Amino acid sequence: MRQFNVLLKKEFLECWRSFKLLWIPLVFISLGVSDPIMNYYMSDILAAVGNVPEGFEMMLPELKPADLLLAATGQFQLVGLIVLIAVFVGTISRERLNGTATLIYVRPISATSVFMSKWVMASIVGMLSALLGYAGSLYYTSFLYGSINFADFIAMILTYFVWILFVMAVTVAMSASFSASIAVAITIFILPIGIILDSIIGSFWHWTPWKLANYGAGIVAGTVDANYYWKTLTITLLLTAIFIAIGIFATNRNRQLTKV
């Protein structure tokens, strides 16, 4: 446990000094507040821009508060997810490349402590960013469109936290298993491309991690099927544990292959 605490402190300091704890949450906040503000003032923006034909009328859809939170989730799943992957996919492979990992591997430090410290810190950054992004979206959505049941909002955030844990487990496990370029390719295929494929052909199944974020948003909208939700949540947690085990195994294997 002491090894883990020391390594976690090291990861925290690295995130702090590289401003990851600042700019990544700012990205999510900007994504979260963009949809409610843009949609609410869209007619004013079009009028201010000008060059609109005389007599032109644009019928904008009437949005409900839950629609804005679902839109924020979509932004997180597209832009936010890519940002998190880009930042943390090299967290272990980069250290192997520049030789920093050798300084750790020569010490009696367990592979479990090495992997878990990186996964926990990446998950903390991801969850903090999602929390602030959703908080910004909730503030402007409630102010401009109407209130949202707070208990449902908390359930949605906790659900998205589970998704973040899964995303970071996959990302860090791939970083532990492969070189940076291969890790990026595999992680992009599993996560962002996996989400796109699931949205295209996912109507044939209902229990995949790629649906979890939308199920979380469905809690606020009142449209989620409880049976699908709990089975998807369980599968996501099991896959998270599997990828953690894969990451620990890969970290230990690469440690044994390291030549000093």
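Residues numbered from 1 in each chain as written. Predicted model: local features only at pLDDT ≥ 70, side-chain atom pairs only at ≥ 80, totals over all residues. Heavy atoms only, no water.

### Thoughts on the overall build of the protein chain
Piece 1. Along the protein chain, the regular secondary structure elements total 12 helices and zero strands.
Piece 2. Counted from the first residue to the last, the protein chain has its helices and strands arranged as α-α-α-α-α-α-α-α-α-α-α-α.
Piece 3. Relative to its full complement of 260 residues, the protein chain shows a buried share of 44%.
Piece 4. A sequence separation of at least 24 residues applies to 82% of the contacts in the protein chain between residues at least 6 apart.
Piece 5. Per element, the accessible surface of the protein chain, about 13600 Å² overall, is 69% carbon and sulfur. (Helix = DSSP H or I, 4+ residues; strand = E, 2+ residues; numbered from the N terminus. Buried < 20%, exposed > 50% of the residue type's maximum accessible area, 1.4 Å probe, protein only. Contact = heavy atoms within 4.5 Å. Areas by Shrake-Rupley, 256 points an atom, 1.4 Å probe, with all protein chains shown as cover.)

### Observations concerning the confidence of the model for the protein chain
Piece 1. Mean pLDDT for the protein chain: 85, with 86% of residues reaching 70 or above.
Piece 2. Predicted confidence in the protein chain is weakest over helix α6 (residues 100-105), with a mean pLDDT of 62, and strongest over helix α8 (residues 150-177), with 93. (pLDDT = per-residue confidence, 0-100.)

### Remarks on the nonpolar core
Inside soluble globular proteins, nonpolar side chains tend to come together where they are buried.
Piece 1. The biggest cluster of nonpolar side chains holds 61 residues, and the ones touching the most others in it are Phe 88, Phe 115, Trp 163 and Leu 191.
Piece 2. Among the elements of the structure, α1 (2-17), α2 (20-40), α4 (65-88), α7 (111-144), α8, α9 (180-190), α11 (212-221) and α12 (226-257) are those that each provide at least two residues to this core.
Piece 3. Per-element accounting of this core gives the leading share, 17 residues, to α8.
Piece 4. Aside from chain neighbours lying at most four places away, what touches Trp 163 is Gln 77, Leu 81, Leu 191, Ile 195, Pro 209, Trp 210 and Leu 212. (Core = buried A, V, L, I, M, F, W, Y, C linked by side-chain atoms within 4.5 Å.)

### Some remarks on the packing of α9 against helix α10 (residues 192-201)
Piece 1. Remark: α9 packs on α10, axes separated minimally by 3 Å, with the N-to-C direction vectors making an angle of 25°. Taken together, α9 and α10 sit at an angle that is classed as roughly parallel. Contacts between α9 and α10 pair Thr 187, Ile 188, Phe 189 and Ile 190 from the former with Pro 192, Ile 193 and Gly 194 from the latter.
Piece 2. In terms of residue class, the contact of α9 with α10 is built from five nonpolar, two polar and no charged. (Axes fitted to C-alpha atoms, helices over the stretch in contact; angles between N-to-C directions. Parallel < 35°, antiparallel > 145°, perpendicular 65-115°, else oblique. Nonpolar A, V, L, I, M, F, W, Y, C, P; charged D, E, K, R; others polar.)

### Some words on α11
Piece 1. The buried fraction of α11 amounts to eight of the 10 residues, a majority that puts the element mostly inside the structure.
Piece 2. Those residues of α11 that sit buried are Leu 212, Ala 213, Tyr 215, Gly 216, Ala 217, Gly 218, Ile 219 and Val 220.
Piece 3. Just downstream of α11, Gly 222 is the residue with a positive phi angle, here 75°.

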